[in-house]
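# Chains, contacts and geometry: an overview
Single-letter residue listing:
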Amino acid sequence: MKIAVLPGDGIGPEIVAQAAKVLEALRSDGLKIELEYAHIGGAGYDAAGDPLPDATLKLAQQSDAVLLGAVGGYQYDTLARPLRPEQGLLRIRKGLNLFANLRPALLYPELASASTLRSEVVSGLDIMILRELTGDIYFGQPRGIRNLENGERQGFDTMLYSESEIRRVAHVGFQIAMKRNKKVCSVDKANVLDTSMLWREIVTEVAKEYPAVELSHMYVDNAAMQLVRAPKQFDVIVTGNIFGDILSDEASMLTGSIGMLPSASLDANNKGLYEPCHGSAPDIAGKNIANPLATILSVAMMMRYTFAREDIAQRIEGAVRKTLQKSLRTADIAEAGMQKVGTDAMGDAVVAAL
Ligand code: NAD
């Protein structure tokens, strides 16, 4: 398992160090894990004048998987756009052709009261949002702002999906559902958008190859409502880039704590980039208080999706669960009566539980 490790900026190095401890513990257990570090984001700019130095992209391309912390920091906010840390992230996703973005919204029963929704609505929640990541209105051409004859300006973007783009992400959705509760809900806006009509047609076609999976379709406006009304009705949601962007943020808040949420972005061969959903949290960087669990849970996803080691994925998730059961909490998820621990101590506790 050759893993490129890109800590990035802010709390990135602190949380990645905890995930690396988990990987090192697995290595001393006999797994053949090779870690190689490189810079990305502001750290890439500082080291090589580029948020995605050539050496970093090359390392990522040559690795089986990439573990990333986060990018961004106040000191980079005034740089020209191509030099900003976030460009490093966009470029590495594109450079590795990562079209399938997986964001689980899983609520550990121990944290049910952290959600803003009533605990009976969310406790036991376990849904997976699959967002297409490289197409749609975010990349479609033409786009721009033009001057009209009447003197006013007009902004425009183009929503685009080709059959092959829809088909490949649909396959990923059905394959994930096969490993879960065998339900896929495809979210679109087929009552209004032609792109969505094609989306629905192709997803329905792909479904025929997965007779064990139950497919349903839902309009995006209804899906936004159902996610807060009765989120447990969902197993896997598959959707396009813009709808997925919005719905996955909505779903992430069902669990109440951004420090708990991992993500995976996969290419056609299950090579993946794994990172927490949160950013570099410059407000708490260097204080040893960031929650490392989202990053550690991203390693679990790496074991599941890139290395097909469900056993190890469950072992890591089990260790996180055990740590929460021991009432250890970082500041972001702390509640009265719990033992507050720092980033390092949380990482150590997960390794001990592992
Ligand atoms: P953020 O996710 O970094 O922080 C939002 C809030 O959540 C902050 O109060 C922060 O302290 C808290 N938080 C985040 N992660 C936490 C953790 N693990 N433990 C405890 N608390 C945590 O979002 P932001 O403040 O909007 O952005 C900060 C920087 O991160 C910006 O430069 C932004 O561009 C960048 N960013 C990067 C990514 C990424 O690398 N994938 C994603 C989002 C934002």
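Residues numbered from 1 in each chain as written. Predicted model: local features only at pLDDT ≥ 70, side-chain atom pairs only at ≥ 80, totals over all residues. Heavy atoms only, no water.

## Notes on the site of the ligand
The ligand sits among 19 residues. The nearest are Glu86, Gly279, Ala281, Asp283 and Asn291. At 3.1 Å from a nitrogen atom of the ligand is found a side-chain nitrogen or oxygen belonging to His278. Within the contact set of the ligand, an oxygen atom lies 2.7 Å away from a backbone nitrogen or oxygen of Gly279. Look at the ligand: alone it shows 810 Å² of surface, and the protein chains cover 67% of it. Residues belonging to the shell around the ligand are distributed by class as follows: nine nonpolar, six polar and four charged. (Near = heavy atom within 4 Å. Polar contact = N/O pair within 3.5 Å; in protein donor to acceptor, adjacent residues only side chain to side chain. Areas by Shrake-Rupley, 256 points an atom, 1.4 Å probe, with all protein chains shown as cover. Nonpolar A, V, L, I, M, F, W, Y, C, P; charged D, E, K, R; others polar.)

## As for the nonpolar core
Counting 87 residues, the largest nonpolar core has Ile3, Leu26, Leu102, Phe174, Met303 and Ile316 as its most contacted members. Considering each element in turn, this core owes the most residues, nine residues, to helix H10 (residues 293-305). Residue contributions to this core reach at least three from each of two domains, namely domain 1 (1-102 + 268-354) and domain 2 (116-255). Residues in contact with Leu26, not counting those within four places in the same chain, are Leu31, Ile33, Met303, Ile312, Arg315, Ile316 and Leu354. If you look at the next biggest cluster of nonpolar residues, it comprises 15 residues, including Ala4, Ile40, Val66 and Leu89. (Core = buried A, V, L, I, M, F, W, Y, C linked by side-chain atoms within 4.5 Å. Buried < 20%, exposed > 50% of the residue type's maximum accessible area, 1.4 Å probe, protein only. Helix = DSSP H or I, 4+ residues; strand = E, 2+ residues; numbered from the N terminus. Domains from an automatic or database assignment. Contact = heavy atoms within 4.5 Å.)

## Re the pattern of salt bridges
What the rule picks out here adds up to 22 salt bridges. A salt bridge links Asp348 to Lys21; its shortest N-O distance comes to 2.8 Å. With Asp348 in helix H12 (residues 343-353) and Lys21 in helix H1 (residues 12-28), this pair connects stretches of sequence that are 327 residues apart. On the accessibility criterion, Asp348 (40% relative accessible area) is partly exposed. Taking the relative accessible area as the measure of exposure, Lys21 reaches 22% and is therefore partly exposed. With its nearest N and O atoms 3.1 Å apart, the salt bridge here joins Arg103 to Asp249. One end of the pair, Arg103, is in strand E4 (residues 100-106); the other, Asp249, is in helix H9 (residues 241-252), and 146 residues separate them in sequence. We classify Asp249 as partly exposed; its relative accessible area is 44%. Connected via shared salt-bridge partners are Lys2, Glu34 and Glu36. (Salt bridge = Lys/Arg side-chain N within 4 Å of Asp/Glu carboxyl O.)

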